[in-house]
Amino acid sequence: MTEHRDTVTPAGRNEWPLWEVFVRSSRGLSHVHAGSLHAPDEHMALRNARDLYTRRNEGVSLWVVRSTDITASDPDHKDSYFESAQGKNFRHATYYTKSEGVKHL
């Protein structure tokens, strides 16, 4: 495990790092972001996440991720980032024709 130091705020106070909590509610489903919490380390973050986000036995799995370790795309640039590949038909199987000697099943 990597040792992380507490972050220092502009006011000079030490604060516990922020952790993002993901809960899987039942087997076979994906983890879903449930919220955030502050904790000194990953073990305490897991314990606090269990107490805060799975009080009614609704969770079967928890992930806690230090907020500073998450890299995300910018929602303000979603149009350019997730833009369809127009003019790039080669990315679709319909662009290709059947090769000679290939049999359909």
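Please read these numbers as outputs of a predicted model, since none were measured by experiment. (Residues numbered from 1 in each chain as written. Predicted model: local features only at pLDDT ≥ 70, side-chain atom pairs only at ≥ 80, totals over all residues. Heavy atoms only, no water.)

1. With respect to the overall build of the protein
Step number 1: Helix and strand counts for the protein stand at two helices and five strands.
Step number 2: Taken from N to C terminus, the helices and strands of the protein fall in the order β-β-β-β-α-β-α.
Step number 3: Considering the protein as a whole, with its 105 residues, one finds that 19% of them fall into the buried category.
Step number 4: Taking as baseline every contact in the protein between residues at least 6 positions apart, the subset at least 24 positions apart corresponds to 40%.
Step number 5: For the protein, the exposed area adds up to about 9,100 Å²; of that, 50% sits on carbon and sulfur atoms. (Helix = DSSP H or I, 4+ residues; strand = E, 2+ residues; numbered from the N terminus. Buried < 20%, exposed > 50% of the residue type's maximum accessible area, 1.4 Å probe, protein only. Contact = heavy atoms within 4.5 Å. Areas by Shrake-Rupley, 256 points an atom, 1.4 Å probe, with all protein chains shown as cover.)

2. Overview of the sheet that holds strand β4 (residues 32–38)
Strands in a sheet are paired, the pairing made by backbone hydrogen bonds, and the direction either parallel or antiparallel.
Step number 1: The strand order β4-β3-β5 describes an open sheet built from three strands, whose pairing is antiparallel. Strands with a single pairing partner mark the edges of an open sheet, and in this sheet they are β4 and β5 (61–66). Strand-to-strand, the axes of this sheet are offset by a mean angle of 25°, without reference to chain direction.
Step number 2: Looking at chain direction, strand β3 (residues 18–24) and β4 are connected through six bridges and run antiparallel. Looking across to β4, one finds that Trp-19 is bridged to Leu-37.
Step number 3: Relative to β4, helix α1 (residues 42–53) is tilted by about 120°, and along the sheet it contacts β3, β4 and β5. (Pairing = 2+ DSSP bridges. Axes fitted to C-alpha atoms, helices over the stretch in contact; angles between N-to-C directions.)

3. Let's talk about the pattern of salt bridges
Step number 1: Considering all chains together, one arrives at one salt bridge under this definition.
Step number 2: One salt bridge in this structure joins Arg-50 and Asp-51, with 3.2 Å as the shortest N-O distance.
Step number 3: With relative accessibility at 43%, the residue Asp-51 sits in the partly exposed group. (Salt bridge = Lys/Arg side-chain N within 4 Å of Asp/Glu carboxyl O.)

4. Description of the environment of Val-64
Step number 1: One can find Val-64 in strand β5.
Step number 2: Take Val-64: its relative accessible area is 17%, and that puts it in the buried class.
Step number 3: C-alpha separation for the pair Val-64 and Asn-48, spaced 16 residues apart in sequence, amounts to 10.0 Å.

5. Concerning the nonpolar core
Step number 1: The biggest cluster of nonpolar side chains holds nine residues, and these are Trp-19, Val-21, Val-23, Leu-37, Ala-39, Ala-45, Ala-49, Leu-62 and Val-64.
Step number 2: Elements supplying a minimum of two residues to this core: β3, α1 and β5.
Step number 3: The element contributing the most residues to this core is β3, with three residues.
Step number 4: Every residue in contact with Leu-62, bar those within four places of it in the chain, is listed here: Val-21, Phe-22, Val-23, His-31, Leu-46, Ala-49, Arg-50 and Thr-54. (Core = buried A, V, L, I, M, F, W, Y, C linked by side-chain atoms within 4.5 Å.)

6. Overview of the environment of Arg-50
Step number 1: On the secondary structure map, Arg-50 appears in helix α1.
Step number 2: Here Arg-50 falls in the partly exposed class, since its relative accessible area comes to 45%.

Everything listed is a geometric property; what it means functionally is a separate question.
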